[in-house]
Amino acid sequence: QVQLVESGGGLVQPGGSLRLSCAASGNIFRVFAMGWNRQAPGKQRELVATITSGGDTNYADSVKGRFTISRDNAKNTVYLQMNSLNPEDAAVYYCNADVLTLQTSRRTFWGQGTQVAVSS
């Protein structure tokens, strides 16, 4: 099986910054795209950012210019640097990874989520 473990969430004041990390481990042959989604209370889960294994990135319009996604392929880890946070960014953040397993099956795996709260 494949596990994705997130860290870095917490409480921050408006205008502050947080850095989320997500490490994939387990039955991995190769990791393709990785990304972050978020879900606020009463809202649908939404895409935040994605990054390919080659480093191509994509962002939701709401976070462009404030968030930066990056990855360390050697560590199968994806990061999300979040700057200029505002209350609308408060949500549970989930990482995901498109993984080819050692049994040559390919699917998307998800982390358990990490809470981000933005409040003064």
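Just above sits the structure.
Reading guide: rules and limits
Counting from 1, residues in each chain are numbered in the order their sequence is written. Totals for whole chains, interfaces and linings use all residues, but because this is a predicted model, local features are given only for residues with pLDDT of at least 70 and pairs of side-chain atoms are given and counted only at 80 or more. Side-chain measures here rest on the full set of heavy atoms in the structure, leaving out hydrogens and waters. Numbering of helices and strands runs from the N terminus, with a helix taken as a DSSP run of H or I at least four residues long and a strand as a DSSP run of E at least two residues long. A 3.5 Å cut-off defines polar contacts: any pair of N or O atoms within that distance qualifies, except that in protein one atom must be a possible hydrogen donor and the other a possible acceptor, and neighbouring residues in sequence count only when both atoms are side-chain atoms. Any two residues whose heavy atoms approach within 4.5 Å are treated as being in contact. Paired strands, as defined in this entry, are two strands with at least two bridges between them according to DSSP. Lines fitted to C-alpha atoms define the axes, with helix axes restricted to the stretch in contact, and inter-axis angles between N-to-C directions lie between 0 and 180 degrees. Note on disulfides: each one is a pair of cysteine sulfur atoms within 2.5 Å. Summary of the burial criterion: residues with accessible area below 20% of their type's maximum are buried, those above 50% are exposed, and those between are partly exposed, where the area comes from a 1.4 Å probe applied to protein chains only. Residues belong to a common nonpolar core when they are buried Ala, Val, Leu, Ile, Met, Phe, Trp, Tyr or Cys residues joined through side-chain atoms within 4.5 Å.

Draft legend 1. How the structure looks around the side chain of Thr114. Counting through the fold element by element, Thr114 comes out in strand 11 (residues 114-118). Here Gly9 takes part through its backbone nitrogen, which lies 3.3 Å from a polar atom of the side chain of Thr114. When neighbours within four sequence positions are excluded, Thr114 is seen to be in contact with Glu6, Gly9, Leu20, Ala91, Val92 and Tyr93.

Draft legend 2. Local environment of the sheet that holds strand 7 (residues 67-72). As summarised here, the arrangement of the 4 strands in space is 1-3-8-7, forming an open sheet in which the pairing is antiparallel. Unpaired on one side and paired on the other, strand 1 (2-7) and strand 7 mark the two borders of the sheet. Strand-to-strand twist of the sheet, defined as the mean angle between neighbouring strand axes without regard to direction, takes the value 15°. Pairing between strand 7 and strand 8 (residues 77-82): 6 bridges, direction antiparallel. What sits directly across from Phe67, in strand 8, is Met82.

Draft legend 3. Fine view of the state of the cysteines. Tallied over the entire structure, the rule returns 1 disulfide. With its sulfur 1.9 Å from that of its partner, Cys22 forms a disulfide with Cys95. On the sign convention where negative means left-handed, the S-S torsion of about 40° between Cys22 and Cys95 marks this disulfide as right-handed. With Cys22 in strand 3 (residues 18-26) and Cys95 in strand 9 (residues 91-101), this pair connects stretches of sequence that are 73 residues apart. In this structure Cys95 comes out as buried when scored by relative accessible area, which is 0%.

Draft legend 4. Highlighting the nonpolar core. Core analysis: the largest hydrophobic core is formed by 32 residues, its most contacted members being Trp36, Leu80, Met82 and Tyr93. Here this core gets 5 residues from one element, more than from any other, and that element is strand 9. Setting aside anything within four residues of it in sequence, one finds Met82 in contact with Gly16, Ser17, Leu18, Leu20, Arg66, Phe67, Tyr93 and Val116.

Treat this as a map of the structure, not an account of what it does.
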